[in-house]
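Coordinate analysis (summary)
Here's the letter readout for the chains.
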Amino acid sequence: MIIVKLSYGKESLFCDKFSVSGHADAYSDSLGYDIVCASVSAIVLTTALGLRDVLKINGQFDSDIGILKVDLNKKSTKESEIIIQTMLEGLREISRQYPGRIKLIESRG
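Residues numbered from 1 in each chain as written. Predicted model: local features only at pLDDT ≥ 70, side-chain atom pairs only at ≥ 80, totals over all residues. Heavy atoms only, no water.

- As annotated in an unreviewed UniProt entry, the chain carries the name Ribosomal processing cysteine protease Prp and comes from Dialister micraerophilus DSM 19965.
- You can read under Sequence similarities (unreviewed entry) in the UniProt record for the chain the words "Belongs to the Prp family." (UniProt positions renumbered as here; feature names shortened; annotations may be inferred.)

Side note on the nonpolar core
- Counting 24 residues, the largest nonpolar core has Ile2, Leu6, Phe18, Val40 and Ile84 as the members making the most contacts within it.
- Those elements giving two or more residues to this core turn out to be strand 1 (2–8), strand 2 (15–22), helix 1 (35–54), strand 6 (67–71) and helix 2 (78–97).
- For this core, the element with the most residues is helix 1, which contributes six residues.
- Val40 has contacts with Ile2, Val20, Leu91, Ile94 and Ile102, leaving out every residue within four places of it along the chain. (Core = buried A, V, L, I, M, F, W, Y, C linked by side-chain atoms within 4.5 Å. Buried < 20%, exposed > 50% of the residue type's maximum accessible area, 1.4 Å probe, protein only. Helix = DSSP H or I, 4+ residues; strand = E, 2+ residues; numbered from the N terminus. Contact = heavy atoms within 4.5 Å.)

Topic: the sheet that holds strand 2
- Spatially, the five strands line up as an open sheet ordered 5-6-2-1-7, and their pairing is mixed. One side of each edge strand has no neighbouring strand; the edge strands of this open sheet are strand 5 (60–64) and strand 7 (102–108). Strand-to-strand twist in this sheet, taken as the mean axis angle between neighbours without regard to direction, amounts to 10°.
- Sheet topology note: the strand 5/strand 6 ladder contains five bridges and is antiparallel. Residue pairing in the sheet places Asp64 in a bridge with Ile67 of strand 6.
- Relative to strand 6, helix 1 is tilted by about 25°, and along the sheet it contacts strand 1, strand 2, strand 5, strand 6 and strand 7. (Pairing = 2+ DSSP bridges. Axes fitted to C-alpha atoms, helices over the stretch in contact; angles between N-to-C directions.)

This is the structure:
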């Protein structure tokens, strides 16, 4: 299962950091790859690139096989929140199409 954790600051309405880890175990012989993992990877990596390269947020962006961690170092903005909420909508849609493959965990403070 893919686990997506989002942390919101105590005083902020905006997401300060998020992480994505795990695998969906939805490998398709006909496709030759795991469509859920590929979809999630594309969405979350594009989100991280948007935050880092488009919005120029100087945070921490760590990626390895099966893991992505983004920490905005409390520099989240309205614009970063729009990008992150768009990511969440994409992940929720994948979760609706492939139930039991993605778990979203949101926490405050």
